[in-house]
Amino acid sequence: MKIISVCLCAGLALLLPLGAQHDASKEGKKKNPAMGNPEAIAAGMKLYQGSCAACHGTTGQGGRGPNLRQRGAWHPLDDDALYRTIQKGVPSSDMPALNLPEAQLWQLAAFVRSLTAPAAEAQLSGDARAGEELFWGKGNCSNCHRLLGRGGMLGPDLSNIGATKPAEDIRESIVDPDADGFLRYKGVTAVLKSGQTIKGVARNRTNYSIQVQDAQGTLHLLSMTNVKQLTFSDHSPMPRDFATRFSKRELDNLLAFLAKQSVRPYEREDKEEKK
Ligand code: HEC
Ligand code: HEC
């Protein structure tokens, strides 16, 4: 749980004066043992499916209530505030109070908190070794993604994905690539007056030129005067059939592998940042 507060702090660091950040982590109120505890999280998940999923979605993706996985969607509450929100609800909103024993309320809080924890911290059932093979092998992920300098350039570098994104978000990126907006990676096909066709993602566009990065990573700077036709895709360039191409087990394996991708040893960030 220490780790989570650190990563929340990193996000808040821009907003909080240094002193406040320091106080919160040092003299912070006593932690409830449920927070970060895998068994409590599992118990909280069950309660969540019964009492919360109808409004917040089965994986916290939101619905009638806000998305609980996006840190921005609900200002990350500290543990006690989260507990109180679940216990008392949010007055004059749809979010109801919940009449449950304290232990169960903490289990719920632990589960909700785990939704925003980076994948590196989650307990995942997949086999990371098998996922690694899939990534470099028949999954073809490495055609477009790099890990520590190896792999393709069309998609984002995934070297730090486990430290930055919650597991469910990564799963969603794989099975439903359009879900996250993909705005930085608009697929584009440029047909040049010379007859040549260049496919890739659009990088920079002005009225006069466009940069297209192809699957090999080569950046083509095209002057609009040489372009006959420019077609933007409505979809992420990432294939959309992984949910059917892979078994559930294979997806779990991939997820377990990606969760391990962290450019820094995960636990040590705390000390490094305090310096
Ligand atoms: C009937 C729908 C509904 C149910 C059931 C529900 N919520 Fe909510 N929840 C909401 C709405 C709506 C909001 C937004 C309230 C607001 O700030 O206006 C919300 C807000 C929240 C927030 C963010 C509060 C904040 O201050 O940012 C958390 C955390 C939360 N809910 C957790 C839960 C948990 C855990 C459960 C199950 C015990 C649950 N909710 C059940 C509708 C619901
Ligand atoms: C044809 C190229 C291509 C292939 C093949 C591909 N991806 Fe992607 N991927 C992309 C692009 C482009 C994005 C960014 C746009 C988006 O989010 O959809 C992306 C986004 C992602 C993200 C979200 C990254 C982030 O920073 O949020 C993950 C995770 C991911 N891909 C995993 C995979 C995995 C695992 C595979 C193999 C099973 C794979 N991708 C195969 C192109 C590809």
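Residues numbered from 1 in each chain as written. Chains lettered and ligands numbered in written order. Predicted model: local features only at pLDDT ≥ 70, side-chain atom pairs only at ≥ 80, totals over all residues. Heavy atoms only, no water.

A few words now on helix 7 (residues 128-136). For helix 7, the full list of buried residues reads A128, G131, L134 and F135. Along the long axis of helix 7, the arc covered by the buried residues comes to 115 degrees, so they all point the same way. Counted as exposed and oriented over 90 degrees from the buried face of helix 7: R129 and E133. On the buried face of helix 7, the contacting elements are strand 1 (146-147) and helix 11 (248-259). (Buried < 20%, exposed > 50% of the residue type's maximum accessible area, 1.4 Å probe, protein only. Helix = DSSP H or I, 4+ residues; strand = E, 2+ residues; numbered from the N terminus. Arc of directions from axis to C-beta. Contact = heavy atoms within 4.5 Å.)

All chains considered together, the criterion is met by five aromatic pairs. Judged by centre distance (5.6 Å) and plane angle (55 degrees), the rings of F135 and F257 are tilted. Placement of F135 in helix 7 and of F257 in helix 11 is noted, with a sequence separation of 122 residues between them. Among the aromatic residues, ring-to-ring pairing joins F135, W136 and F257 into one connected group. (Phe/Tyr/Trp six-rings, centres within 6.5 Å; stacked < 30°, edge-to-face > 60°.)

Now for the coordination of the iron atom of ligand 1. Tetrahedral coordination by four donors places them ideally at 109.5 degrees to one another around the metal; octahedral coordination by six donors ideally gives 90 or 180 degrees. Note on the iron atom of ligand 1: its protein donors are H56 (NE2) and M95 (SD). The metal-donor distances range over 1.9 to 2.0 Å. Classification of H56 by relative accessible area gives buried; the value is 9%. With relative accessibility at 24%, the residue M95 sits in the partly exposed group. (Donors = N, O, S within 2.8 Å, 3.2 Å for Na, K, Ca; no water.)

Taken together, 22 residues sit near ligand 1, with C52, C55, H56, M95 and L98 positioned nearest. H56 is positioned such that a nitrogen or oxygen atom in its side chain is 2.8 Å from a nitrogen atom of ligand 1. Contributing elements (two or more residues each) for the shell around ligand 1: helix 4 (53-56), helix 5 (79-88) and helix 6 (102-115). Of the residues forming the shell around ligand 1, the biggest block, three residues, is contributed by helix 5. Of the residues that constitute the shell around ligand 1, the class distribution is 14 nonpolar, six polar and two charged. (Near = heavy atom within 4 Å. Polar contact = N/O pair within 3.5 Å; in protein donor to acceptor, adjacent residues only side chain to side chain. Nonpolar A, V, L, I, M, F, W, Y, C, P; charged D, E, K, R; others polar.)

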